[in-house]
Amino acid sequence: VSALPGRPRLAAHALVRLHVVDGVEVVVIHDARTGDLLRMGPREWALLAGADGTRDFDALVLAAARGGVLRRASELGAVLAALHAAGLLADGIEPPVSPVAPALHEAARPLDALPGFTLTCDEGGACCSLYGSVLFSPLEAARARSLLPEILGAGEREGRAFTPEHGATPDGHLAVALVDGRCAYLAGDGRCGIHAAGGEGAKPRGCRAYPATLVDDGESVRVSVGVECPCVLASVGREGGAPLVDPGARTRGALGADARVVTLPEAIPIADDRLASRAELAAWSRLVMGALPDDGEVVSLLWSLASALDAAGLDHAASLAALAAPRSPAPAALSPWLAALAARARARVAAADTWRGRRDRSRLASHWLAEAAESLLEPAALASALAGASPFGGDERFYLRAQLHGHQLIGDLPLAAALRDRAVRLLLARALPASLPEGDPARPHPLALVEAMMRGHGLAGYARAPRLGG
Amino acid sequence: MVRIVLPDATPRDTLDDAAADLGLALVNIVSKTEAHPAQLIYVTPDRRAQVHLVDEGAGGALCYVVQGDEVEEARWSGALRARFEVAS
């Protein structure tokens, strides 16, 4: 390992999160590049408070002394050495990044919202108990601290409840502390304390926007929904809920410069050695959505579409033929996917068990999902998951529509692999109820828990195993 | 001003522990220049005296220099001597 940086700071890929685990404060640093995790106590974290790339070691010692946390300079040296050995330090400051307003032609892009969907939130706080990062803007954090100053004592000092989203420099969004995996501002009854104290408008934008997803495909901004909360699936077919975006907003520009809109790349991997333009993808997704059968079996549809893409790319006739005659995947074809999923799920259990508290829902969920994934390795259980009509067919069909409409299949994987991955997720969700405790809120819609753990806790990484599609 | 010479090669951790235990607050770190030696500068909890930990470098000594009024200098030099079991 090379010498310590002259003016150290936490690198941008270091994600520092405050946790209260069974009443004990823990600081967890996630390495966004490797998925590794490093833990330290609040005092060690306080020693690092000045490490923003502007101070050399002596100045860091002085900053720690000013903060009242210095005993030995060597302790600071040891913390820095551990971070450096883990590849989590950078040298000097990071240039500040200003929010970039969309270009004029992007601002005019029309919004294309998932038809027929409004969200009815049950205010149970399920989604506020599961994610590793709940982000606030500096203003939103100040508002929360002002409304509820007693929470973790953050009214007095921001750092008691917030850490920078990236690295250690607080010049962007902030991640709120989690108490046994729950947002620190979530009240005991599952309601948002900020909402209760200051109204819905006082909540962070990310919480108000959740679970909407916004993807600009060059023609329109597809507005869809992440199927990560049971409320989403419970809302399907209901009327009178909240629209996914302000009904007055017609264009991307109307969403505001701070709206998190993902822009699709010009070229999109479809299958091995096959690329397509985003215009071709947009047309294909419209075609497929229009041709989805009302009562289709979604695992078969996904797998058959993937095979069509492998053979013919985004050829419309091939995809329509696949939708017209979907075939259930063969167990042998599923086998490597399920093995990779089970291995990843076991690894997530091991990681969660090392530091998460017993009441932490993500830790509990990692156990349930690992058990369900393991069960699918049994031929009889897999056959059962594949056989007949799914008890969650309505959820699955909505999920497929939301994924297609929102371009949510586009990400780390080629589209064909993403389709197979989603089929595997559905099988996992079908197997999950047997592992869930009686009365658990995930029981009516287990797919939402699968999806939240896939994105929020790294389970989705299973599909990047080399033999699959990654 | 009272000067207290410390044993040779007193480890930095020992010096840091002494400062922490005595409640001395570190307020500055001064690098060695041609004009002055390297030093750590502390203030006492009531800020009525300053303690400089001076590393005089090659040929010189590692020493504390206590500055304050007569009472404070006597008090803090006594505390430091007792801590390091040195006579002068």
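In this report, we go over the structure that sits alongside the text. The numbering scheme is per chain: residues are counted from 1 as the chain's sequence reads. As they are written, the chains are lettered A onward and the ligands numbered 1 onward, keeping that order. The model is predicted, so local features are restricted to residues of pLDDT at least 70 and side-chain atom pairs to those at 80 or more, both for listing and for counting; the totals for chains, interfaces and linings are taken over all residues. To get the side-chain values, all heavy atoms of the structure are used, and hydrogens and water are removed first.

## Considering the overall build of chain B
Here is step 1: Counting from the N terminus, the helices are DSSP H or I runs at least four residues long and the strands are E runs at least two residues long. On a plain count of helices and strands, chain B comes out with two helices and five strands.
Here is step 2: Shown N-terminal to C-terminal, the secondary structure of chain B runs as helices and strands in the order β-α-β-β-β-β-α.
Here is step 3: In this treatment the radius of gyration is a C-alpha quantity, and the globule benchmark scales as 2.2 Å times the residue count to the 0.38 power. Rg of the C-alpha trace for chain B: 12 Å, near the compact-globule value of 12 Å for 88 residues, within the 12% margin.
Here is step 4: Over its C-alpha atoms, taken along the principal directions, chain B stretches across nearly 30 × 25 × 25 Å.
Here is step 5: When a residue's accessible area, from a 1.4 Å probe over protein chains only, is under 20% of the maximum for its type it is buried; when over 50% it is exposed; and in between it is partly exposed. In chain B, buried positions account for 42% of the 88 residues.
Here is step 6: Note on contacts: a residue pair is in contact if any heavy atoms of the two residues lie within 4.5 Å. Sequence separation of at least 24 residues holds for 43% of the intrachain contacts in chain B that already meet a minimum separation of 6.
Here is step 7: Each accessible area is a Shrake-Rupley result for a 1.4 Å probe, and residues are judged covered by the shown protein chains and nothing else. Working note: accessible area of chain B is about 4,800 Å², and carbon and sulfur atoms make up 50% of it.
Here is step 8: Charged side chains in chain B number 8 positive and 14 negative. The centres of these two groups are separated by 3 Å. The sign given to each residue is positive for Lys and Arg and negative for Asp and Glu; His and the chain ends receive no count. By convention, charge coordinates are those of NZ in Lys, CZ in Arg, CG in Asp, or CD in Glu.

## Section: the packing of aromatic side chains
Residues and elements named next belong to chain A.
Here is step 1: In this analysis, rings of Phe, Tyr and Trp, with Trp reduced to its six-membered ring, are considered paired at centre separations within 6.5 Å, and the interplanar angle assigns stacked below 30 degrees, edge-to-face beyond 60, and tilted for intermediate values. Per the counting criterion, the structure on display carries eight aromatic pairs over all chains.
Here is step 2: The interplanar angle of 75 degrees and the centroid separation of 6.2 Å between the aromatic rings of Trp-303 and Trp-337 together place this pair among those described as edge-to-face. Of this pair, Trp-303 sits in helix α10 (residues 298-312) while Trp-337 sits in helix α12 (residues 331-355), placing them 34 residues apart in sequence. Of the two residues, Trp-303 and Trp-337, both sit in the buried class.
Here is step 3: Pairwise contacts between aromatic rings join Phe-136, Phe-162 and Tyr-185 into one cluster.
Here is step 4: One Lys or Arg, Arg-420, reaches over the ring of Trp-303 and ends 5.4 Å from the middle of that ring. Put simply, a charge is over a ring when the Lys NZ or the Arg CZ is close to the ring centre, within 6 Å, and near the line of the ring normal, within 35 degrees.

## Let's talk about the side chain of Arg-222 of chain A
All names here are of chain A.
Here is step 1: With respect to the secondary-structure elements, Arg-222 resides in strand β13 (residues 221-225).
Here is step 2: In protein, a polar contact means a hydrogen-donor-capable atom and an acceptor-capable atom, both N or O and within 3.5 Å, with residues adjacent in sequence counting only if both atoms are side-chain atoms; elsewhere, any N or O pair within 3.5 Å suffices. Within the structure, the side chain of Arg-222 is placed 3.3 Å from the backbone oxygen of Ala-282, a separation counted as a polar contact.
Here is step 3: Polar contacts involving the side chain of Arg-222 include one to the side chain of Ser-285, which spans 3.0 Å.

## Thoughts on the sheet that holds strand β7 (residues 135-136) of chain A
Residue and element names in this part refer to chain A.
Here is step 1: A pair of strands is considered paired only if DSSP assigns at least 2 bridges between the two. One open sheet holds the three strands; their spatial order is β7-β9-β8, and the pairing between them is antiparallel. Unpaired on one side and paired on the other, β7 and β8 (162-164) mark the two borders of the sheet.
Here is step 2: With two bridges joining them, β7 and strand β9 (residues 174-176) adopt antiparallel strand pairing. Across the sheet, Leu-135 pairs through a bridge with Ala-175, a residue of β9.

## Brief notes about the pattern of salt bridges
Here is step 1: Salt bridges, as used here, are contacts in which a Lys or Arg side-chain nitrogen is within 4 Å of a carboxyl oxygen on Asp or Glu. Under the counting rule described, the total for this entry stands at 35 salt bridges over all chains.
Here is step 2: Asp-13 of chain B serves as the salt-bridge partner of Arg-72 of chain A, at 3.5 Å between the closest nitrogen and oxygen. With one member in each of two chains, Arg-72 of chain A in the loop between α2 (57-66) and α3 (73-85) and Asp-13 of chain B in helix α1 (residues 12-22) form a pair that bridges those chains.
Here is step 3: Residue Arg-72 of chain A is classed as partly exposed on the basis of its relative accessible area of 28%.
Here is step 4: Here Arg-278 of chain A makes a salt bridge to Glu-266 of chain A, at a shortest N to O gap of 3.4 Å. Note that Arg-278 of chain A is positioned in helix α9 (residues 278-291) and Glu-266 of chain A in the loop between β14 (262-263) and β15 (267-271), a separation of twelve residues in sequence.
Here is step 5: Taking the relative accessible area as the measure of exposure, Arg-278 of chain A reaches 13% and is therefore buried.
Here is step 6: What emerges from the salt-bridge pattern is a single network uniting Arg-71 and Arg-72 of chain A together with Asp-13, Asp-17, Asp-21 and Arg-83 of chain B.

## A closer look at empty space enclosed by the protein
The gaps of empty space that remain are located by a probe, the size of a water molecule, rolled over the atoms.
Residues and elements named next belong to chain A.
Here is step 1: Put plainly, a pocket is an open set of points on a 1 Å grid over the protein atoms alone with protein on both sides within 12 Å along at least five of seven lines, a cavity is a set where a 1.4 Å probe fits but cannot get out, and a lining residue has an atom within 4 Å of a point. Grid points are joined across faces, edges and corners, and a volume is the space filled by probe spheres set on the points. As enumerated under the stated definition, the model contains two cavities of 30 Å³ or more in all.
Here is step 2: When its volume is computed, the largest cavity comes out at roughly 90 Å³.
Here is step 3: Contributing to the lining of the largest cavity are 13 residues, with Ala-126, Leu-130, Pro-230, Arg-361 and Leu-449 lying nearest its centre.
Here is step 4: Where the lining of the second largest cavity is concerned, the elements lending two or more residues are α9 and α15 (393-405).
Here is step 5: Broken down by element, the residue count for the lining of the second largest cavity peaks at three residues, all from α9.
Here is step 6: Under the scheme applied here, ten amino acids are nonpolar (Ala, Val, Leu, Ile, Met, Phe, Trp, Tyr, Cys and Pro), four are charged (Asp, Glu, Lys and Arg), and all others, including Gly, are polar. Grouping the constituent residues of the lining of the second largest cavity by class yields six nonpolar, three polar and no charged.

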